[in-house]
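What follows is the residue order along each chain.
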Amino acid sequence: MLIPTITIDGPVASGKGTVARAVAHALGFHLLDSGAIYRAFAFSCRQKSIDILNYKDLADEAKVLSLEFVGENVLLNGTDATADIRSETVGMLASKLSAISDVRAGLLERQRAFACEPGLVADGRDMGTVVFPDATLKIYLTATADVRGSRRFGQLSDASHADAATSKLDDVIAQIRSRDQQDKSRAIAPLKPAKEAIVIDNARQTKQETIDSILALWSIQTRSS
Ligand code: DC
């Protein structure tokens, strides 16, 4: 049976994580933060010093990765890795490793297993195009790199962030452009809107406005089906 699913794809710092969490909460649905899976995988590979050219070991690690989501926390091998996986270094490594087909294949079923009653909100890069092609509603959330960079820079003023002390606005925007380029240009599951996706440019929206517009689209979609 098809589980009601909303996919929210988009580039780094498009706000999809916060929006997905709020939409899932409002509907009482499960949440999949697929980026956290790729980040935890990258962090684990780094901890284990797995060579990024050793595809066999990378694929094995994707299969055995011990990962648990507890509320907003990510437990890797039973240890809280929530803050560690949020650094830009880990994000960039996740972006590099996610271009490898064996890695994506190794993490695919783990993501699909999140689809349970009463429904799922899944955020990432290929949720609507690859992981949940039959999703009920597909959203692609975006804004210019400058807007996303300014937002990310604002978040970094929070001293608890892994990159808090080291960032300048221009560097943050440059990092965002470089990650966009990497995620959009890879051969497998590149970042792009699914054919049926509704594209929301949220540059001029508050988070709440974006959340409300997705909830409104959901209610139209489910009323008409
Ligand atoms: O969304 P994020 O910044 O936490 O994701 C980190 C990286 O993981 C992203 O740059 C590319 C990769 N990723 C992916 O390839 N597919 C996904 N569905 C989610 C993330």
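Each remark here, short or long, concerns the structure printed above.
Report on the accompanying structure. (Residues numbered from 1 in each chain as written. Predicted model: local features only at pLDDT ≥ 70, side-chain atom pairs only at ≥ 80, totals over all residues. Heavy atoms only, no water.)

**Observations concerning the site of the ligand**
Phase 1 of the analysis: Not every one of the 17 residues close to the ligand is listed here, only the nearest: Arg 39, Arg 104, Arg 125, Arg 179 and Asp 183.
Phase 2 of the analysis: One of the side-chain nitrogen or oxygen atoms of Lys 16 is found 3.4 Å away from an oxygen atom of the ligand.
Phase 3 of the analysis: At a separation of 2.8 Å, an oxygen atom of the ligand approaches a polar side-chain atom of Arg 104.
Phase 4 of the analysis: Burial of the ligand by the surrounding chains reaches 97%, relative to a free accessible area of 450 Å². (Near = heavy atom within 4 Å. Polar contact = N/O pair within 3.5 Å; in protein donor to acceptor, adjacent residues only side chain to side chain. Areas by Shrake-Rupley, 256 points an atom, 1.4 Å probe, with all protein chains shown as cover.)

**Brief notes about the sheet that holds strand β5 (residues 79–80)**
Phase 1 of the analysis: Strand order in the open sheet formed by 3 strands is β3-β4-β5, with antiparallel pairing between adjacent strands. Whereas interior strands pair on both sides, the edge strands pair on one side only; in this sheet they are β3 (67–70) and β5.
Phase 2 of the analysis: Across 2 bridges, the pairing between strand β4 (residues 73–76) and β5 is antiparallel. When the bridges of β5 are listed, Leu 76 appears paired with Thr 79.
Phase 3 of the analysis: Contacts between helix α2 (residues 34–47) and the sheet are confined to β3 and β4, with β4 contributing the most and set at about 35° to the helix. (Pairing = 2+ DSSP bridges. Helix = DSSP H or I, 4+ residues; strand = E, 2+ residues; numbered from the N terminus. Contact = heavy atoms within 4.5 Å. Axes fitted to C-alpha atoms, helices over the stretch in contact; angles between N-to-C directions.)

**Details of helix α5 (residues 101–112)**
Phase 1 of the analysis: Over its 12 residues, α5 extends 17 Å from the first C-alpha to the last, a length consistent with the 16 Å expected when each residue adds 1.5 Å.
Phase 2 of the analysis: Summarising the contacts, the buried residues of α5 are in contact with β2 (30–33), α2, α3 (55–64), α4 (88–97) and α6 (127–131). (Expected span 1.5 Å × (residues − 1).)

**A few points about the packing of α4 against helix α8 (residues 169–185)**
Phase 1 of the analysis: Running from N to C, α4 and α8 point in directions that differ by 20°, and their axes come no closer than 9 Å. Between α4 and α8, the angle falls in the class roughly parallel. Crossing hand, α4 versus α8: left-handed. Judged by residue contacts, Glu 88, Gly 91, Met 92, Ser 95 and Lys 96 of α4 engage Gln 175, Ser 178, Arg 179, Gln 182 and Asp 183 from α8. (Parallel < 35°, antiparallel > 145°, perpendicular 65-115°, else oblique. Left-handed = near helix turned anticlockwise from the far one by under 90°.)

**Quick notes on unusual backbone geometry**
Phase 1 of the analysis: Pro 118 follows Glu 117 through a cis peptide bond whose omega is 5°.
Phase 2 of the analysis: Within the secondary structure, Pro 118 sits in the loop between α5 and β6 (120–124).
Phase 3 of the analysis: Positioned with a positive phi, Ser 49 is a non-glycine residue whose angle comes to about 50°.
Phase 4 of the analysis: One can find Ser 49 in the loop between α2 and α3.
Phase 5 of the analysis: Among the residues examined, Ser 49 registers a relative accessible area of 64% and is labelled exposed.
Phase 6 of the analysis: The backbone of Ala 189 sits at a positive phi, close to 45°, despite the residue not being glycine.
Phase 7 of the analysis: Mapped onto the fold, Ala 189 is located in the loop between α8 and β8 (198–201). (Buried < 20%, exposed > 50% of the residue type's maximum accessible area, 1.4 Å probe, protein only.)

**Things to note about the sheet that holds β8**
Phase 1 of the analysis: Spatially, the 5 strands line up as an open sheet ordered β2-β6-β1-β7-β8, and their pairing is parallel. Lying at the two open borders of the sheet, with one neighbouring strand each, are β2 and β8. Put simply, the sheet's adjacent strands are angled 20° from each other on average, direction ignored.
Phase 2 of the analysis: Docked against the sheet, helix α9 (residues 207–224) engages β1 (5–9), β7 (137–142) and β8, running at close to 160° with respect to β7.

**Brief notes about the pattern of salt bridges**
Phase 1 of the analysis: Under the counting rule described, the total for this entry stands at 14 salt bridges.
Phase 2 of the analysis: For the salt bridge of Arg 179 with Glu 88, the shortest nitrogen-to-oxygen distance reads 3.0 Å. Of this pair, Arg 179 sits in helix α8 while Glu 88 is found in helix α4, placing the two residues 91 residues apart along the sequence.
Phase 3 of the analysis: For Glu 88, a relative accessible area of 12% puts it in the buried group.
Phase 4 of the analysis: One salt-bridge network, in which partners are shared between bridges, spans Arg 125, Asp 183 and Arg 186. (Salt bridge = Lys/Arg side-chain N within 4 Å of Asp/Glu carboxyl O.)

**A look at α4**
Phase 1 of the analysis: Of all the 10 residues making up α4, 8 are buried; the element is thus mostly covered by neighbouring parts of the structure.
Phase 2 of the analysis: If you check which residues of α4 are buried, you get Glu 88, Val 90, Gly 91, Met 92, Leu 93, Ala 94, Ser 95 and Leu 97.
Phase 3 of the analysis: As for α4, its buried residues are in contact with α2, α3, α5, α7 (145–155) and α8.

**Some remarks on the environment of Ile 6**
Phase 1 of the analysis: Inspection of the secondary structure assignment puts Ile 6 in strand β1.
Phase 2 of the analysis: Placed 169 residues apart in sequence, Ile 6 and Gln 175 show a C-alpha to C-alpha distance of 28 Å.
Phase 3 of the analysis: Leaving out residues up to four positions away in the same chain, Ile 6 has contacts with Val 23, Leu 27, Leu 120, Val 121, Ala 122, Leu 137, Ile 139, Ile 214 and Trp 218.

The quantities given are spatial measurements derived from coordinates; they are silent on function.
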